[in-house]
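# Structural characterization, general
Listed here are the chains, written in short residue letters.
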Amino acid sequence: MPFSTRFIDGLETGLPLGKILCVGRNYAEHAKELNNPVPASPLLFIKPSTSAVELEEPIERQFSHGDVHFETEIALLIGERMSQVSADEAMSGVVGVGLALDLTLRDVQSQLKEKGHPWERAKAFDGACPLSRFVQVEGGDVDWEAVTFHLDINGRRQQSGKTSDMLFTLPALLEEMTRTFTLEPGDVILTGTPSGVGQLPREAVLDLSLSLGLKVGTQTR
Ligand code: ZN
């Protein structure tokens, strides 16, 4: 059955899953842990819709291809067609926020990198993108600088990220992406992983959490 994106109440979003547009090295600490230089412009790549699977389903690891790394990332669900948008208007096109694992065959990727080849065999394979359900949002109403997320493996904190640590902020990322790629309703954006990536252990329990910053103000008189 083809994958369909769902909101957290379990209802289908009604948006056909399109491409999954991803950014590499969007957190300085993660670039450092893999000995990669911090990029001057975002490093972009695409996972096909066939790489998506439900995050709640057990992960079928590709044991025969060397190391399989987990990368926990914020996923944005796009609700409208967007091309050449400015950072200011970009977030109004976002209708859902969720989490994803950008599963990466790290050994395969290292070999591809060495040869200067594209990364698809390491990152775009079937099952390479477990996607959570999405919290429905009106993109303009969220404090996008205050979103945080975690990954715990077997009860131990493994990754922690916050959008304020990103090298390219979410609005800047969407502006840059839509200069080259038209986004369509149902496309998903993966926004990079913080440090702490590692080998997916066998028979492990992964817990992911996401919190959208609630920012309220008041005055006295
Ligand atoms: Zn990634």
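Scroll up a little and you will see the structure.
Read on for an overview of the structure. (Residues numbered from 1 in each chain as written. Predicted model: local features only at pLDDT ≥ 70, side-chain atom pairs only at ≥ 80, totals over all residues. Heavy atoms only, no water.)

Turning to the sheet that holds strand β11 (residues 156-162), a few remarks are in order. What the three strands build is an open sheet, ordered β11-β10-β14; its pairing is antiparallel. Edge strands, defined here as strands with exactly one partner in the open sheet, are β11 and β14 (206-211). With strand direction ignored, the average angle separating the axes of adjacent strands in the sheet is 15°. Sheet topology note: the strand β10 (residues 148-153)/β11 ladder contains six bridges and is antiparallel. Its bridge partner lying in β11, F149 is registered against G161. (Pairing = 2+ DSSP bridges. Helix = DSSP H or I, 4+ residues; strand = E, 2+ residues; numbered from the N terminus. Axes fitted to C-alpha atoms, helices over the stretch in contact; angles between N-to-C directions.)

Evaluated as defined, the whole model comprises 13 salt bridges. As a salt-bridge pair, E29 and K32 come within 3.5 Å of each other at their nearest N and O atoms. Of the two residues, E29 and K32 are both situated in helix α1 (residues 28-33); the distance of three residues between them amounts to about one turn of the helix. Shared partners join several salt bridges into a network, and the residues in it are K47, E71, D102, R106 and K123. (Salt bridge = Lys/Arg side-chain N within 4 Å of Asp/Glu carboxyl O.)

Looking at the metal site, the zinc ion is ligated by E71 (OE), E73 (OE) and D102 (OD), spaced 2.0 to 2.1 Å from it. Of note, the donors binding the zinc ion are all from one chain and are spaced E-x1-E-x28-D. The class of E73 is buried, set by a relative accessible area of 0%. (Donors = N, O, S within 2.8 Å, 3.2 Å for Na, K, Ca; no water. Buried < 20%, exposed > 50% of the residue type's maximum accessible area, 1.4 Å probe, protein only.)

The three strands lie next to each other as β7-β4-β13, forming an open sheet whose pairing is antiparallel. At either margin of the open sheet sits one strand with a lone partner, and together these are β7 (104-105) and β13 (198-199). Here strand β4 (residues 68-70) runs beside β13; their pairing, made up of two bridges, is antiparallel. Note that in β13 the partner of F70 across the bridge is G198.

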